[in-house]
Structures are given as C-alpha cells and as structure tokens.
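Examination of the molecular architecture
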Amino acid sequence: MSYLLPHLHSGWAVDQAILGEEDRVVVIRFGHDYEPNCMQMDEILAGVVDQIKNFAVIYLVDLSEVPDFCTMYELYDPCTTMFFFRNKHIMIDLGTGNNNKINWAMNDKQEFIDIVETIYRGARKGRGLVVSPKDYSTKYRY
C-alpha cells in the first residue's frame, strides 16, 4: 500500500515537508516499505488519508534511503510514526512511556484518526504534548 502515499527521498525533502505545512499536522512514517509492520501501518495510513486530508498530511520516509534522522529521532524500530505541526515535533502520551512517536503498527483506522485529530486540536492550542484518547499501556492487555 505504500505506493498510494507520497514518499520523501532526501533529508531536505523531509525538512521542507515539515516546514512548508502551516495549517495541518504532518504525519511521517519512518521505516522500510518491505517490513511487515510498515505494510500494515501503510494500509491504515492509505485508508485514512482522505478522511484526515483537511487537518493532516501523510508522508513516508525509507530509512535506508534517508538515514539522516535515525540518530536525531532515535529511529531504531522497524516502523515509526511521528507527528509535526508548524515545524514543531508534537509529542503524544500513549501510556507507553515513549511520548515521541508511535513505534508499532496500528490495527484500527478510527483509532489512528482519533489520535491525529487529538494531536491537531492540541497543537492548534500551542501544546507540545497531547494525551492520547486511548491508553496503550500493557496493563490492559492480559
């Protein structure tokens, strides 16, 4: 499904995508197109792109092609999704302890839409950290 979404092929292109968007959240999925987790996440992203186009834009970045951000954002997981608004990294408290990014593949489109909408509403108010509508901590997975 990654062929349905725009790819950024250089560090400069990633910076310009983050800098150029004034009114929408920039969602960037870092990873490899051939990873099973990324394929699952790409399917969710491609499915929600039309529903969130008014308040978010989605890009994909292949880490083997653009390794510039690996150390800066600590991108060691196979699939990582990060959020930016007006050239600022927006953190989200998911209950996992890592507020910088989502480092797993989502299963539900509506959950992802809710997360992006929460980030958009919080970021418009000037918040750098927003709280997720759902707690993803492991204490609820027994």
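The structure under discussion appears in the preceding block.
Because the structure is predicted, anything quoted here is derived from the model rather than measured.

1. Looking at the overall build of the protein chain
Across its full length, the protein chain carries three helices and six strands. Scaling as 2.2 N^0.38, a compact globule of 142 residues should have a C-alpha radius of gyration of about 14 Å, and the protein chain matches this with 14 Å. When its C-alpha atoms are laid out on the principal axes, the protein chain stretches across 40 × 35 × 30 Å. Within the protein chain, the proportion of its 142 residues that are buried is 46%. A sequence separation of at least 24 residues applies to 73% of the contacts in the protein chain between residues at least 6 apart. As displayed, the protein chain has an accessible area near 7,500 Å², and 48% of this comes from carbon and sulfur atoms. Looking at the protein chain, you have 14 positive and 20 negative side-chain charges, and the mean spots of the two groups are 9 Å apart.

2. Topic: the pairing of strand S4 (residues 79–85)
Of all seven residues in S4, seven are buried, a share of seventy percent or more. Residues Cys79, Thr81, Phe83 and Phe85 line one face of S4 and the alternating positions Thr80, Met82 and Phe84 line the opposite face, and both faces are buried. Two elements, strand S2 (residues 25–31) and S4, share six bridges in a ladder whose sense is antiparallel. Paired with Val27 across the bridge in S4 is Phe83. Across three bridges, the pairing between S4 and strand S5 (residues 88–93) is antiparallel. By the bridge assignment, Phe85 is partnered in S5 with Lys88. The loop that links S4 with its antiparallel partner S5 comprises two residues; one of these, Arg86, has a positive phi angle of about 50°.

Rules used in this analysis
- Residues numbered from 1 in each chain as written.
- Predicted model: local features only at pLDDT ≥ 70, side-chain atom pairs only at ≥ 80, totals over all residues.
- Heavy atoms only, no water.
- Helix = DSSP H or I, 4+ residues; strand = E, 2+ residues; numbered from the N terminus.
- Rg over C-alpha atoms; globule rule 2.2 N^0.38 Å.
- Buried < 20%, exposed > 50% of the residue type's maximum accessible area, 1.4 Å probe, protein only.
- Contact = heavy atoms within 4.5 Å.
- Areas by Shrake-Rupley, 256 points an atom, 1.4 Å probe, with all protein chains shown as cover.
- Lys, Arg positive; Asp, Glu negative; His and termini not counted.
- Charge placed at Lys NZ, Arg CZ, Asp CG, Glu CD.
- Pairing = 2+ DSSP bridges.

Function cannot be read off these values alone, since they describe shape.
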